[in-house]
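# Per-entry structural report
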Amino acid sequence: MSNQPHSGFRPSMTWLHSWAGVIICTLLFIVCWTGTLLVFDKEIDRWMRPETRIAATQLSYSPDAILAQIKATAPDRPIAELSLGQTGQRAPFITASVSFTDGGSASSNLHPATLAQLHDSKTQAGTFLYMLHRNLLLPGVYGWWLVMFAAVAMLLLLITGVIIHRKIFADFFTFRPEKQLRRSSLDLHNITGVLFLPFHFLIAFSGLMIFSGWYTSIPWTELQGETSKTAALITTADKYGDYARDSAGVTARSLALDPLVKRAEAIWTVRHGAPAIADYVSAYHLDDAGGYLKVSRYFPENRIALNQDAIFFDLTTGKILADFTPSAVRKPQQWLAGFHFVQYSHWPLRWLYFIGGLAACILIGSGYTFWVASRRKQAAITQPANVRMIELISIASITGLIAATGAFLIANRLLPNAATIAGADRAQLEIWAFFAAWFIALIHAALRPGQAAWREQCWAIAALACAAVLLNWISTGDHPGAMLAAGIWSVAGVDLMLICTSAIAASCAIRLGRKQQQQPDQQSGSAHLAQLEPAE
Amino acid sequence: MIPTTLLWLLLALGSSFGGCVLLALAQAKHCSLVSGGYLAIAPAARLKRTVGTALLLLALFCCISQNGASFGLPLFLFLLGSTALLTALLLAIRPYWLRLFV
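Residues numbered from 1 in each chain as written. Chains lettered and ligands numbered in written order. Predicted model: local features only at pLDDT ≥ 70, side-chain atom pairs only at ≥ 80, totals over all residues. Heavy atoms only, no water.

## With respect to the overall build of chain B
To keep things clear, this is the line we draw: Starting at the N terminus, helices and strands are each numbered in turn, a helix being any DSSP run of H or I of at least four residues and a strand any DSSP run of E of at least two. Residue burial is assigned from relative accessible area. The probe radius is 1.4 Å, only protein chains are included, and a residue is buried under 20% of its type maximum, exposed over 50%, and partly exposed in between. We call two residues in contact whenever any of their non-hydrogen atoms come within 4.5 Å of each other.
The number of helices and strands found in chain B is three helices and zero strands. Secondary structure elements in chain B, listed N-terminal to C-terminal, are α-α-α. Seen through its principal axes, chain B has C-alpha atoms that stretch 45 × 25 × 25 Å. Per-residue burial for chain B yields a buried fraction of 43% across its 102 residues. Intrachain contacts of chain B at a sequence separation of at least 6 include 68% that bridge at least 24 residues.

Here it is as structure tokens:
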């Protein structure tokens with residue numbers, strides 16, 4: 001393959017697909033891998049926070065009872081904001097956070113039946129994976145833009161991939177694992193790309209469209225300034241249904257919260273023609289004349305599109321201050337956002353998302369492997385450093401990232417909750433463990449020859465996944481059998497997936513070892529390197 | 001007692017898988033693979049394509065009738081991708097398991 005664009009449309013697209021893919025692959029793999037895990041974000045959360053492993057027996061609660069509990073423990077501290085949330089069977093506990101007018105704040109998870117405070121595990125759990133997926137943990141807006149760039153690049157790669165694939169229908173079911181690495185990795189790249197094309201396209205496009213407000217607001221603010229009414233309308237959160245007002249500074253007794261929440265749910269039930277339950281309840285400036293209550297419902301159980309239902313009540317009079325219903329224009333965006341967030345209760349579709357996400361990871365990994373395998377022989381003569389560099393980046397990006405995720409889970413089960421090192425608490429130490437493992441994987445990939453590095457890192461993944469299950473059992477007594485018997489499928493599911501991961505990684509390592517013994521020169525690939533042929 | 005929703009889902013899964021296998025076996029190279037090289041051409045290829053397509057349409061109907069268009073369409077598309085991948089993997093690793101369909 002030449003480094004220059006070829007003449008003609010298809011060769012140009014081939015060149016673009018190949019080089020754009022190599023450049024963006026690591027970033028795309030991070031986003032796809034974390035996104036795949038986030039399909040089961042709440043399940044991973046519950047695995048990493050053992051105190052939340054409670055059976056989903058009660059899915060309704062009284063905000064007034066929680067407020068009374070807070071007032072009993074802090075009677076003289078006026079509440080500036082109280083936020084409560086419960087998002088259904090996948091996370092049956094109540095999330096509560098309170099901030100006081102004196103600046104203090106507290107947050108905790110509560111048992112839905114007893115309202116007892118659950119033990120507070122110091123972990124970011126799924127939130128860490130979410131932040132990595134959303135903005136790569138980078139400060140400011142740079143991470144957001146990079147992830148959006150990755151989504152655009154994925155769309156570009158999908159479109160160019162379809163253009164350069166010469167035999168889409170003829171090779172629809174073709175996978176030849178027994179062929180040499182170059183051929184088999186291209187087959188795998190083609191089938192995962194073609195068979196999951198609708199999923200990959202929709203997930204990249206929906207990820208991009210979640211932030212459509214950004215793209216539409218930027219030109220307006222830059223061209224017309226913040227004073228423009230149009231710009232203000234677009235840039236403020238009005239279109240998301242937000243309402244806010246300051247504290248009046250005058251004491252006034254707030255109404256009970258429960259009847260207002262029930263009223264909001266009754267309004268939605270009539271409006272949508274189906275029973276509606278609020279996800280989040282937020283009370284502001286309690287016992288103040290400016291007090292108000294926000295009752296919202298974002299994640300529906302029975303459809304993909306987000307709701308964005310939000311009703312604001314005056315806490316002293318009970319009058320509705322704002323009742324947000326999104327405009328028809330926002331409905332496609334709501335569907336795309338709902339499609340991407342996967343918060344609905346449809347388990348078959350959730351599992352298919354997971355399979356589609358894994359297919360995206362395989363698509364990226366096989367693309368990397370094909371690129372390296374296609375160039376290895378020529379690179380031995382011309383540019384060995386370049387291909388070696390891409391190879392070690394690909395190993396660290398793929399098996400390294402998976403192993404780092406295993407280290408993150410192990411750190412969670414191994415470190416005591418009160419652990420601190422150099423001022424970092426356990427939540428930070430878990431993240432350090434993740435990045436340390438990833439860095440070690442990079443060093444290992446640099447020190448070991450290609451196939452040996454792949455194989456050894458596969459063994460590392462197998463060992464880490466197995467160790468995570470055992471450590472969970474030892475530290476909590478919750479082995480998969482016990483969790484299944486207790487009806488807590490989320491924790492058992494994570495354990496069983498870890499066991500599957502361990503088995504698959506070990507099987508890959510054994511196969512790689514066998515191949516290395518049988519055909520030491522297998523990776524040298526084809527001598528025909530001038531053209532990248534997507535399908536022969 | 002198996003819930004009706006699960007039955008519809010299993011029917012969608014089965015018909016989608018059956019449809020993918022028949023469409024694959026309408027191609028001579030896969031037919032040859034499954035028959036162990038005995039068949040050089042795919043017998044009744046047109047019939048397999050027709051029945052395969054009908055099975056995929058049945059899967060689409062099962063998905064939409066039970067889940068509505070909002071869930072049903074993505075469910076069908078991703079189910080199709082997954083069962084097609086399963087077909088490709090079976091053809092690659094255990095092709096003789098599909099002899100029944102030849």
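## Here we look at unusual backbone geometry
Backbone geometry at A:His285 places phi at a positive 50°, although glycine is not the residue there. Within the secondary structure, A:His285 is located in the loop between strand E4 (280-284) and strand E5 (292-297). Positioned with a positive phi, B:Ala44 is a non-glycine residue whose angle comes to about 50°. When you line up the elements, B:Ala44 lands in the loop between helix H2 (28-34) and helix H3 (45-93).

## Looking at the interface of chain A and chain B
The following threshold applies: The term buried area denotes the loss of accessible surface (1.4 Å probe radius) that occurs when two parts are joined, taken as the sum for both partners. Each reported salt bridge corresponds to a side-chain nitrogen of Lys or Arg within 4 Å of a carboxyl oxygen of Asp or Glu. Any N or O atom pair separated by 3.5 Å or less is treated as a polar contact, with the protein-specific requirement of one donor-capable and one acceptor-capable atom, and with residues adjacent in sequence counted only for side-chain atom pairs.
At the junction of the two partners, chain A supplies 26 residues and chain B supplies 24 residues. Each partner contributes to the roughly 2100 Å² buried at the junction of chain A and chain B, and carbon and sulfur atoms together form 77% of this total. If you sort the residues of chain A by the area they bury against chain B, A:Phe173, A:His346 and A:Leu352 come out on top, with a joint share of 33%. In this structure, A:Asp171 and B:Lys29 form a salt bridge, with 2.9 Å as the shortest nitrogen-oxygen distance. The tally of links between chain A and chain B comes to seven residue pairs in polar contact (both at pLDDT 80 or more).

## Concerning helix H7 (residues 197-209) of chain A
Inclusion rule: In a helix, the anticipated span is given by 1.5 Å times the number of residues less one.
Here H7(A) contains 13 residues, and its C-alpha end-to-end distance of 18 Å stays within 8% of the 18 Å for a straight helix at 1.5 Å per residue. Taken together, the buried positions of H7(A) are A:Phe199, A:His200, A:Ile203, A:Ala204, A:Ser206, A:Gly207 and A:Leu208.

## Points about the pairing of strand E3 (residues 105-110) of chain A
One face of the sheet, then the other: side chains in a regular strand alternate in exactly this way. Operational definition: By definition, two strands form a pair when at least two bridges between them are found by DSSP.
Where strand E2 (residues 94-100) of chain A lies against E3(A), six bridges are found, and the strand directions are antiparallel. Paired with A:Ile94 across the two strands is A:Leu110, which belongs to E3(A).

## Focus: the pattern of salt bridges
Residue and element names in this part refer to chain A. Tallying each qualifying case throughout the model produces 15 salt bridges over all chains. Close ionic contact of Arg-53 with Asp-478 constitutes a salt bridge, the shortest N to O distance being 2.8 Å. Of this pair, Arg-53 sits in the loop between helix H2 (41-48) and helix H3 (63-73) while Asp-478 sits in the loop between helix H15 (450-476) and helix H16 (480-485), placing them 425 residues apart in sequence. Judged on exposure class, the residue Arg-53 and its partner Asp-478 are both buried. Three or more residues are tied together by salt bridges with common partners; here these are Asp-41, Glu-43 and Arg-90.

## With respect to the nonpolar core
Just so we agree on the cut-off: Here, nonpolar core means buried Ala, Val, Leu, Ile, Met, Phe, Trp, Tyr and Cys residues that are tied together by side-chain atoms lying within 4.5 Å of each other.
Core analysis: the largest hydrophobic core is formed by 77 residues, its most contacted members being A:Phe29, A:Trp47, A:Phe434 and A:Leu498. If we skip the residues at most four places from it in the chain, A:Phe29 touches A:Cys361, A:Ile364, A:Ser397, A:Ile398, A:Leu401 and A:Ile402.

## Digging into the confidence of the model for chain A
Detailed reading of predicted coordinates is not advised where the pLDDT is low. All names here are of chain A. Here is the rule: The pLDDT value tells you how sure the predictor is about a given residue, anywhere from 0 up to 100.
Chain-level statistics for chain A give a pLDDT mean of 87 and a share of 89% at 70 or above. Helix H9 (residues 229-235) is the least confidently modelled element of chain A, averaging 49 in pLDDT, while helix H14 (residues 426-447) averages 97, the highest of any element. Counted against residues more than four places away or in other chains, residues 219-227, with its pLDDT under 50, gives ten contacts. In this model residues 521-536 is a low-confidence stretch, pLDDT under 50, and it forms 54 contacts with partners more than four residues away in sequence or in other chains.

## Quick look at the packing of aromatic side chains
For the record, the criterion: Pairing of aromatic rings covers Phe, Tyr and the six-membered ring of Trp, with a centre-to-centre limit of 6.5 Å; geometry is then stacked below 30 degrees between planes, edge-to-face above 60, and tilted otherwise. Any Lys NZ or Arg CZ that is within 6 Å of a ring centre and within 35 degrees of that ring's normal is treated as a charge sitting over the ring.
In total, this model carries 29 aromatic pairs over all chains according to the counting rule given. Pairing A:Phe128 with A:Phe435 gives two aromatic rings, centres 6.2 Å apart and planes at 90°, and the pair type is edge-to-face. Of this pair, A:Phe128 sits in helix H4 (residues 126-135) while A:Phe435 sits in helix H14; the two residues are 307 residues apart in sequence, bridging distant segments of the chain. We classify A:Phe435 as partly exposed; its relative accessible area is 33%. On the numbers, 6.2 Å between centres and 25° between planes, the contact of A:Phe435 with A:Trp438 is stacked. On the criterion of helical spacing, the pair formed by A:Phe435 and A:Trp438 is a turn pair, its members being three residues apart in helix H14. Taking relative accessible area as the criterion, A:Trp438 reaches 17% and is therefore assigned buried. In textbook terms, an aromatic cluster arises when at least three aromatic residues are bridged by ring pairs, as seen for A:Phe199, A:Trp335, A:Phe339, A:Tyr344, A:Tyr353, B:Phe71 and B:Phe78. A cation sits over an aromatic face here: A:Arg77 above A:Phe100, 4.0 Å from the ring centre. Just above the ring of A:Trp347 sits the side chain of A:Arg350; from NZ or CZ to the centre is 5.4 Å.

## Some points on helix H1 (residues 9-38) of chain A
Residue and element names in this part refer to chain A. Inclusion rule: Two axes enter the bend calculation: one fitted to the seven residues ending at the residue in question, the other to the seven starting there, and the bend is the angle between them.
Taking 1.5 Å of rise per residue, 30 residues should cover 44 Å, yet H1 covers just 38 Å from first to last C-alpha, more than 12% shy of that figure. The largest bend in H1 is about 55°, located at Cys-25. Of all the 30 residues making up H1, 21 are buried; the element is thus mostly covered by neighbouring parts of the structure.

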